[in-house]
Amino acid sequence: MKMFKTKTTSLLIGLTLGLGAASSAYSQESLEDVMKARGLTQKDLLAAAKTYTPTGGRDEYLAFSSGGQSGHVIVYGIPSMRILKYIGVFTPEPWQGYGFDDESKAVLAQGRINGKDIVYGDTHHPAFSEKEGDYDGRYLFINDKANPRLAVIDLHDFETKQIVVNPFFKSDHGGAFVTPNTEYVMEASQYAAPYSDEFVPLEEFNSKYRGGVTYWKFDDKKGRLNPDESFTFELPPYSQDLSDAGKNASYGWGFTNSFCSERYVGGIERGRPPFEAGCSQKDTDFLHVTNWKKAAELVAAGKVKKVNDAYLITMDQAVKEGLLYLIPEPKSPHGVDVSPKGDHIIVSGKLDSHAWVYSWAKIQDAIKNQKFEAKDPYGIPIISLKDALHKQVQVGLGPLHTQYDAKECVVYTSIYVDSMVTKWDYCEGKVLDQLNIHYNIGHLLTMEGDSVSPDGKYLVSLNKLSIDRFNPVGPLHPQNHQLIDISGEKMQLLYDMPLPLGEPHYVVAIKADKLKPAVRYKSGWDSRTDKKHPYKTRAGREKVVREGNRVHVYGTVIRSHITPEIIEVEEGDEVSIHLTNLERAQDEVHGFAMYGQNVQLSIEPGKTASTTFVADKAGVYPYYCTEFCSALHLEMQGYLLVKPKGYKAKATDMQEGQQYTKADYDKQVKTNVETQAVIDSVVAFITSHNYKDFKTVVDLVTDATDQLGFAEEAKKKAEDFAAKGDYQNATLWAGQWWQYQVKTADLGLRAKTFLEENGAKKIK
Ligand code: K7E
Ligand code: CUA
């Protein structure tokens, strides 16, 4: 589109673009020649054909990857493996203005811990919102392991809307996992810690340190988590790990495993064996089974007390009400994954070579018959392994995570130590296929693999680091996501994609057509609160309002100027600049950067974005648009003048760099008249077609009509000055008149091309 815009504008200016003959090294050769030159096999070609997406092509699935330590979410397409977006979540992201405009600073501020700004996150597990267990494409949730927080991303604009801080935990790993109708989002703690912020000696670990799992209530109407209706299960200090929500048969329940039920506390410097030794002594750890449905009823009935201003279901209460059970699971388990029907739960132990398949029917029976083998030191009933286990299957050394296939009973488990993916049947308990992947696989994902109806088709192996795989770029290697075709009996490796932005732990993928992202905001929109912005400004209503030393600038941006272009304040003023993008055309995003004030906004069509700072030092501060939005983009600029206190202006007139005469004015007017003829012909074409049937065209025409209105105003000013013989101002306004015409024509030509390419009909 940008190419096209440049082209039409250039045509108008009278330049011709030299389209050099496209030449590529292989263009004259046959497929065989290329294969030989690049050393490709038939198998490579087949793999390439399955992932290659020609220009303009779209992907069937969109993957949302944790950005690991970057605190972002990475969006890429499958099968092309092309990266489409980084979403700023826990970490500022300047391009999107995230963490720079006032609106998103408020979102990041929700994630403060003990009053401290935490501006990164260690993101692990993204999860889609669900309806009846299927992804509905509306929201994405992701956790921050380092600082126990959850974030809500709205998939209507791919922006982070909310961050909540866990009221009890000091770390979290078992989040985000969503219940089948997004009633709750699960977040389990990892490293046990006291629930208060006070100092508690490690000697009191068993009695005062706690784990837990929080069920965050999701308010579907508001699209936000509601801390007031959320609740937490107090759990023993067992280092809870991953979670998953029950579905179908196991609806209403949640599962959370743990890896250090020894409750061992290391201390190398005290002469104690390290954590790793003490935490892997026992042959089994515990799977925690929690009943959130019944817990929610207790909360609603006012039977749960608040601690730290949040509902806490103590272990005593949970045991008494029958909400909490433990089941032994393999040594140092990692993943816990509930099957699509909810009738089986697969857990793998990092230090075991088996995956353990639990039967939900058996577990339910044990609970119903109150058949327990013992109680743990906190009085929680333990269901014996034989009363819960369906099968143990040897899948390889260091199994971690499991994903479900579209075919019943078929799953894929990541095998960390053996660097492998094992495809196996959990009903029969037999291995079906194994594929060596590049290196140290962590999670893996299948298409819609967490839902009640997985699609199978592709699998992505998320490998840790990527030694020897790509061109070396220094000691810190990118990660390697490997695309695997799982549509047949045998898995087939297709493609490697380096991901150089933190260590993504988990990725979820959704059918692309389930997403309905907007292309613009409603006019004057605060994208973070999803409400009309209090400083929304319309064209012609720009103003500066001062109250004492508080200055509010109500500004607008439209191709290709920022209004106001000159902002004058006094040293010490607290300045807020609110900018509304007046455009509707999809690609008319404008940026706003200013010297020395840490200001960088992204103002997409319709959005209002604000920046607030103290102008504490007198001086000259240029500002400009940071997106190449039009041919006159570089001219989209202005000055903030911070005047010293009590400053009196000396010079009265602006110094003009160039003087204009009547001849200059006449020449400009002649150009404008010719340009108007072009506009008229485009308008005639559009209005003679059924353009109103095309939303895109209607938007372009609306923008074009705005620009033409501005052109009329500028034309009038030019003519008034000419009538007074002021050819300086007359010429300048005639020039602005032409600028508006060019923008009108540009938009009009884009509308015309759209109509031609989309089969618009001529109306008589
Ligand atoms: Cu296995 Cu955090 Cu799910 Cu890393 S986690 S791999
Ligand atoms: Cu607006 Cu560049």
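Now for a description of the structure that goes with this document. For every chain, the first residue of the written sequence is number 1, and numbering continues from 1 along that sequence. In the order they appear in the text, chains get letters beginning with A and ligands get numbers beginning with 1. For a predicted model such as this one, the threshold for reporting local features is a pLDDT of at least 70, and the threshold for listing and counting side-chain atom pairs is 80 or more; totals across whole chains, interfaces and linings nevertheless cover every residue. Calculated side-chain values reflect all of the structure's heavy atoms, with hydrogen atoms and water omitted.

**Here we look at the sheet that holds strand S28 (residues 441-447)**
Next up, step 1: Here a strand pair is declared whenever DSSP counts at least two bridges between the two strands. The helix count covers DSSP runs of H or I at least four residues long, the strand count covers runs of E at least two residues long, and both are numbered beginning at the N terminus. As summarised here, the arrangement of the four strands in space is S28-S29-S30-S31, forming an open sheet in which the pairing is antiparallel. The open sheet has two edge strands, S28 and strand S31 (492-499), and neither has a second partner. Across the sheet, the mean angle separating the axes of adjacent strands is 20 degrees when strand polarity is ignored.
Next up, step 2: Where S28 lies against strand S29 (residues 456-463), five bridges are found, and the strand directions are antiparallel. From the neighbouring strand, Leu-445 faces S29, where its bridge partner is Val-460.
Next up, step 3: Contacts are assigned to residue pairs that have any heavy atoms within 4.5 Å of one another. To obtain an axis, a line is fitted to C-alpha atoms, over the contacting stretch when the element is a helix, and the angle between two such axes runs from 0 to 180 degrees between their N-to-C directions. Each of S29, strand S30 (479-485) and S31 is contacted by helix H3 (residues 42-51), which is oriented at about 65 degrees to S31, the strand it contacts most.

**Here we look at the packing of aromatic side chains**
Next up, step 1: Two rings from Phe, Tyr or Trp (for Trp, the six-membered ring) form a pair when their centres are within 6.5 Å of each other. A pair whose planes differ by under 30 degrees is stacked, one over 60 is edge-to-face, and the rest are tilted. Enumeration over the complete set of coordinates arrives at 27 aromatic pairs.
Next up, step 2: Ring geometry for Phe-231 and Phe-233: centres 6.1 Å apart, planes at 75 degrees, overall edge-to-face. Residue Phe-231 shares its accessibility class with Phe-233, and that shared class is buried.
Next up, step 3: Within the aromatic cluster, the residues linked to one another by ring pairs are Tyr-184, Tyr-215, Phe-231, Phe-233, Tyr-251 and Trp-292.
Next up, step 4: Sitting over a ring, as applied to charges here, requires NZ of Lys or CZ of Arg to be within 6 Å of the ring centre and within 35 degrees of the ring normal. The side chain of Lys-217 reaches across the aromatic face of Tyr-184, ending 4.9 Å from its centre.
Next up, step 5: Positioned above the aromatic ring of Tyr-311, the side-chain terminus of Lys-306 is 4.8 Å from the ring centre. The rule is simple: take the accessible area with a 1.4 Å probe, protein chains only, and divide by the maximum for that residue type; under 20% is buried, over 50% is exposed, in between is partly exposed.

**Some words on the pairing of strand S9 (residues 184-188)**
Next up, step 1: Within S9, five of the five residues are buried, leaving the element largely enclosed by the surrounding structure.
Next up, step 2: Relative to S9, strand S8 (residues 177-178) runs antiparallel, the two being bridged by two bridges. Paired with Val-178 across the two strands is Val-185, which belongs to S9.
Next up, step 3: Pairing of S9 with strand S10 (residues 211-219) involves five bridges; the strand directions are antiparallel. Each bridged residue has a counterpart across the sheet, and for Ala-188 the counterpart in S10 is Val-213.

**Points about the packing of helix H11 (residues 695-723) against helix H12 (residues 727-757)**
Relative placement of two packed helices is described by the angle separating their axes and the distance separating the axes.
Next up, step 1: The interhelical angle for the contact between H11 and H12, taken along N-to-C directions, is 165 degrees, at an axis separation of 8 Å. Between H11 and H12, the angle falls in the class roughly antiparallel. Remark: the crossing between H11 and H12 carries left-handed chirality.
Next up, step 2: Gly counts as polar in this scheme, as do all residues outside two lists: the nonpolar Ala, Val, Leu, Ile, Met, Phe, Trp, Tyr, Cys and Pro, and the charged Asp, Glu, Lys and Arg. Considering only residue class, the contact of H11 with H12 consists of 20 nonpolar, six polar and five charged. Roughly parallel refers to an angle under 35 degrees, roughly antiparallel to one over 145, roughly perpendicular to one between 65 and 115, and oblique to any angle outside these ranges. Note: crossing handedness is left-handed where the near helix turns anticlockwise from the far helix by less than a right angle, and right-handed where it turns clockwise.

**Some details on helix H7 (residues 292-300)**
Next up, step 1: Among the residues of H7, Trp-292, Ala-295, Ala-296, Leu-298 and Val-299 are the ones counted as buried. Along the axis of H7, the buried residues cluster in a sector spanning 160 degrees; they form a single face.
Next up, step 2: Two N or O atoms form a polar contact when they lie within 3.5 Å of each other; inside protein one atom must be a possible hydrogen donor and the other a possible acceptor, and for residues adjacent in sequence the pair counts only when both atoms belong to side chains. Of the residues that open H7, the one with a side-chain oxygen 3.2 Å from the backbone nitrogen of Lys-293 is Asn-291.
Next up, step 3: In the stretch just after H7, Gly-302 is the one whose phi turns positive, near 75 degrees. To obtain the arc, one takes the directions from the helix axis to the C-beta atoms.

**Describing the state of the cysteines**
Next up, step 1: Cysteine sulfur atoms are paired as a disulfide whenever they come within 2.5 Å of each other. The tally for this structure, following the rule as stated, stands at two disulfides.
Next up, step 2: A disulfide bridge connects Cys-260 with Cys-279, and the sulfur atoms are separated by 2.1 Å. The chirality of the disulfide connecting Cys-260 with Cys-279 is left-handed, given an S-S dihedral of about -75 degrees. With a gap of 19 residues between them, Cys-260 in the loop between strand S13 (253-258) and helix H6 (275-278) and Cys-279 in the loop between H6 and strand S14 (284-291) connect regions that are remote in the sequence.
Next up, step 3: Relative accessible area serves as the criterion here: at 2%, Cys-260 is assigned to the buried category.
Next up, step 4: A sulfur-sulfur distance of 1.9 Å marks the disulfide that ties Cys-409 to Cys-427. Given an S-S torsion of about -85 degrees, the disulfide between Cys-409 and Cys-427 has left-handed geometry. In this pair, Cys-409 sits in the loop between strand S24 (399-404) and strand S25 (410-415) while Cys-427 sits in the loop between strand S26 (420-425) and strand S27 (430-436), placing the two residues 18 residues apart along the sequence.
Next up, step 5: A relative accessible area of 23% places Cys-427 in the partly exposed class.
Next up, step 6: Ordinal numbering of bonded cysteines along the protein chain defines a disulfide pattern of 1-2, 3-4.

**As for the environment of Phe-694**
Next up, step 1: Tracing the backbone through its elements, the reader meets Phe-694 in the loop between helix H10 (662-687) and H11.
Next up, step 2: Among all residues touching Phe-694, those that are not within four sequence positions of it are Phe-754, Leu-755, Asn-758 and Ala-760.

**A look at the site of ligand 1**
Next up, step 1: Consider each residue's heavy atoms; a residue with any of them within 4 Å of a molecule or strand counts as near. Close contacts around ligand 1 come from His-124, His-125, His-173, Leu-242, His-334, His-401, Gly-442, His-443, Lys-464 and His-505, and that covers them all.
Next up, step 2: Every element with two or more residues in the shell around ligand 1 is listed here: strand S4 (123-131) and S28.
Next up, step 3: A breakdown of the residues in the shell around ligand 1 according to their chemical character gives one nonpolar, eight polar and one charged.

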